[in-house]
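Here are the chains, one letter per residue:
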Amino acid sequence: MFSIDQEMKKLSEKHLFFSSKEAFKNALKHQLQEKFRVIENKDFHGCVVELWVEDPNSEQQHAIY
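Anyway, here's the lowdown on the structure attached to this text. (Residues numbered from 1 in each chain as written. Predicted model: local features only at pLDDT ≥ 70, side-chain atom pairs only at ≥ 80, totals over all residues. Heavy atoms only, no water.)

1. A few points about the sheet that holds strand β3 (residues 61-64)
And then number 1: In space, the three strands of this open sheet follow the order β1-β2-β3, with antiparallel pairing throughout. In this open sheet, the two edge strands, each paired with only one partner strand, are β1 (37-44) and β3. If you compare each strand with its neighbour and ignore which way they point, the axes differ by 35° on average.
And then number 2: As paired strands, strand β2 (residues 47-54) and β3 are joined by four bridges and run antiparallel to one another. Considered in β3, the bridge of Leu 51 is made with Ile 64.
And then number 3: Across the sheet, helix α2 (residues 21-32) touches β1, β2 and β3, and the angle it forms with β1 is around 125°. (Pairing = 2+ DSSP bridges. Helix = DSSP H or I, 4+ residues; strand = E, 2+ residues; numbered from the N terminus. Axes fitted to C-alpha atoms, helices over the stretch in contact; angles between N-to-C directions. Contact = heavy atoms within 4.5 Å.)

And the structure:
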């Protein structure tokens, strides 16, 4: 099950800081891809969602902008 709190805690244990928004996004994307399907820059009703996360176990979808 997807938990942004849990994923952010796990990411903060690996990285103390990021040099840019893009570096943060890439690190988060790679971490999430270990458990979830991640689509970058998905169009959703006319808005671009930076990371679209799909949980294959629960079929839930999450937008991270």
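Further notes follow.
2. Let's talk about the nonpolar core
Proteins that are soluble and globular tend to have nonpolar side chains buried together.
And then number 1: Listed in full, the 10 residues of the largest apolar core are Phe 2, Leu 11, Ala 27, Leu 28, Leu 32, Phe 36, Val 38, Leu 51, Val 53 and Ile 64.
And then number 2: For this core, the elements supplying multiple residues, two or more each, are α2 and β2.
And then number 3: With three residues, α2 is the single largest residue contributor to this core.
And then number 4: Setting aside chain neighbours within four positions, we find Phe 2 in contact with Glu 7, Leu 32, Phe 36, Val 53, Asp 55, His 62 and Ile 64. (Core = buried A, V, L, I, M, F, W, Y, C linked by side-chain atoms within 4.5 Å. Buried < 20%, exposed > 50% of the residue type's maximum accessible area, 1.4 Å probe, protein only.)

3. Looking at the pattern of salt bridges
And then number 1: Going through the model one piece at a time under the given rule, you end up with seven salt bridges.
And then number 2: With its nearest N and O atoms 2.9 Å apart, the salt bridge here joins Lys 35 to Glu 7. Linking Lys 35 in the loop between α2 and β1 with Glu 7 in helix α1 (residues 4-14), this pair joins segments that are 28 residues apart in sequence.
And then number 3: Looking at Glu 7, the relative accessible area reads 1%, which means it is buried.
And then number 4: As a salt-bridge pair, Lys 21 and Glu 50 come within 2.8 Å of each other at their nearest N and O atoms. Residue Lys 21 is found in helix α2, and its partner Glu 50 is found in strand β2; the two are separated by 29 residues along the sequence. (Salt bridge = Lys/Arg side-chain N within 4 Å of Asp/Glu carboxyl O.)

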